[in-house]
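# Breakdown of the fold
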Amino acid sequence: MSRKDKNENDELSRSRQIKINVDQKREHNEYYEKVSNRYRTLKFLALGALVLYLVGMIVLHRSQITYENLVYLMKDLDTDVDATGTVFREIKYDESAKLSGAIYKGYFAAATTGSFTLFNTTGSAEREYSISMENPKVLSGEKYVMVYDVGGNGYALYTSIVNVLSKQTDQAIQGAALSDSGSFALICRARENRYVVDFYDENFKEVSRIYKDRYVMDASLSSDGSRYVIASCEVAGSDLTCEVMSGRCDSEESNVVTVAGAMPLKTGFFSDGSFCVVCDDRICFYSADGAPVAEKTFAGYGVSGISFSKDRVMTVESDNIVDSRSTATVYDSSGNTVAEYRSASRIATSTLGDSHMFFASDGKLTRAAFDGNTEDAECALSVSFLLPFSDNVLVCTPKVASTGFSPAQPTDDTSGGDGTIEFDPLESDQEGDK
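The notes below deal with the structure included here.

Here is what the cut-offs are and how they apply
Residues numbered from 1 in each chain as written. Predicted model: local features only at pLDDT ≥ 70, side-chain atom pairs only at ≥ 80, totals over all residues. Heavy atoms only, no water. Core = buried A, V, L, I, M, F, W, Y, C linked by side-chain atoms within 4.5 Å. Buried < 20%, exposed > 50% of the residue type's maximum accessible area, 1.4 Å probe, protein only. Contact = heavy atoms within 4.5 Å. Pairing = 2+ DSSP bridges. Helix = DSSP H or I, 4+ residues; strand = E, 2+ residues; numbered from the N terminus. Axes fitted to C-alpha atoms, helices over the stretch in contact; angles between N-to-C directions.

Okay, the nonpolar core next. In terms of nonpolar packing, the biggest core is built from 19 residues, with M146, Y155, L157, F184 and L186 touching the most fellow members. Dropping the residues within four chain positions of it, F184 is found in contact with M146, Y155, L157, L165, A177, L178, D198, F199, Y200, D201, F204 and L221.

See the structure below:
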C-alpha cells in the first residue's frame, strides 16, 4: 500500500462516527424524588419567611435602626496589631500643653484638647476624631481605648476602627479606670456626697454605684473587670487617714482597710488579681480579696514618679530635699524588691516596662534592666511623658513622639563572644563528606 493510500485510510478512520446504543436506562426512584421536592419546598418557604421577617422588623422597628446602634454592633469588630518588635517612626502632631497618650494595639493613641488620633508605626494618622476637652486623659486596655476630660463632663471609648461611645456625665469627672475586658469606672463629683464611682460593663451598662463621703484619690479595675479598688482619704485637722476599699463590681459586699497618716496617690492591679496602693510615704500591698500583704515605708523626700506594669510597680523618690538625686525601686506583687536604680541627677520623667526601667532627664534617656545593665541615648530636653512598648520606649514631647532606642542591628560577625570562630557542625560534616 502506498503512503498516499495509507494516509487516506487513517483520515477516514479518524472521521468515522461511532454510535453507542444504551439499552438500559437509569432506574427512577419515586421515594427520593418526593423527598427532594419536599426539601426544595422547605428551602423556598424558609427563604420567604426570612424576607418577611426582615421586612417586618424594618417596618416595626425602623426607629431603632440608628447610627449609634450600628456602631454598637461594631464594637467587637477590631483589628489586632502585633506591636512586638515594632519601632515607631517620628510622629508629628499639633503642639499642645495638654497632650495625653497611650499605646493601644500597636498604635500611639494621642489626645489633645481638640482631637484624638491613632498613629501607626510609620507615623501616619490611621484614625482621627474631633473632641472638645479642656484636660484630656487617655487610658488603654486590650479591648478599648478611653479618653475622658478631667474636670469636665465628656468621655469616649474607641476601638482601632470606630468610636463606639461618646457621652456626657451629669457631674464633673475626676478620674476613671479601664480594664482589659472593656469594663470601666468613672469617678465623679456627687451632689449628696462628695464623690460617686460608677461601674460599667464592656457593653456600657451600669453595673453598680458607690457613694463616698471621703475624697476619692484613685480607683482601679482588675484585668477581667470583675474587681475594684478605691483609695480615698479623710482630713481631720492635720491628721490624714487613707481608706482602701475593694470588692467585686457586681456585689454590695466590700472589704475596707484604713492606713493612718497616709495620703493615697495611685492604685493598680497586678495580673494575679492582687493590688497595691502607693501613698505619699509608703506603699501597701494587698491580696486579691483585699487582705494586707506587705507595707514598705519610703526613706526619701517624696515620691516623684509611679508606674505600673502587669506584675510590678515602680516608685521614684527624691534622695535629698533639693531634689537633685533620685532612686527608683521596682517591687513585685508581694512587695519584694526586684530592682533598684540610683541616679546622680534628678529623674524628671520615668516609666516601667515589662523588663526595663526608663528615665529621662536633661536631654538624656536611660534604659535600665532589672539585672543592673544600663544604656543611654540622647532625647529632647522637654519630655512630656514616656510610653513603654516591647523592650523600647516612646518619647513624647509637646510637638513630636519618637522611639527612644534604635533596634539592635544584626551583624555578619560569626565570632563568639570569647573571640573564637563559631561554625555549624552539620556544615562541617557535609564539607568533610565531599
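Still more ground to cover, so stick around.
With that out of the way, let us pick up the sheet that holds strand β11 (residues 184–189). Pairing is antiparallel in the open sheet, where four strands are placed in the order β10-β11-β12-β13. Taken across any chain shown, the strands that pair with only one partner, and hence form the sheet edges, are β10 (173–178) and β13 (206–212). Across this sheet, the average inter-strand angle for adjacent strands is 15°, counted without regard to direction. Pairing analysis gives six bridges linking β11 to strand β12 (residues 195–200), with the strands arranged antiparallel. Within the sheet, the bridge partner assigned to F184 lies in β12 and is Y200.

Time to look at the sheet that holds strand β29 (residues 374–378). Note on sheets: strands pair through backbone hydrogen bonds, and any given pair is parallel or antiparallel. Overall, antiparallel pairing links the four strands, which are arranged β26-β27-β28-β29 in an open sheet. Every other strand in the sheet has two partners, leaving β26 (349–352) and β29 as the edge strands with one partner each. Going across the sheet, the axis of each strand differs from the next one's by a mean of 15°, ignoring polarity. Pairing between strand β27 (residues 356–361) and strand β28 (residues 364–369): six bridges, direction antiparallel.

Take the environment of I187 next. You can see I187 is positioned in strand β11. According to the relative accessible area criterion, I187 is buried, its value standing at 4%. Counting along the chain gives 12 residues from I187 to G175, while the straight-line C-alpha distance between them is 4.9 Å. Once residues within four sequence positions are removed from consideration, I187 is found in contact with A172, I173, Q174, G175, A176, Y195, V196, V197, V216, D218 and A219.

Counting buried residues along strand β24 (residues 326–332), seven of its seven residues qualify, which places the element largely inside the surrounding structure. Pairing between strand β23 (residues 312–318) and β24: seven bridges, direction antiparallel. The partner of T315 across the bridge, within β24, is T329. As paired strands, β24 and strand β25 (residues 337–343) are joined by six bridges and run antiparallel to one another. By the bridge assignment for β25, T327 is matched with R342. Joining the antiparallel neighbours β24 and β25 is a turn of four residues, in which G335 adopts a positive phi near 95°.

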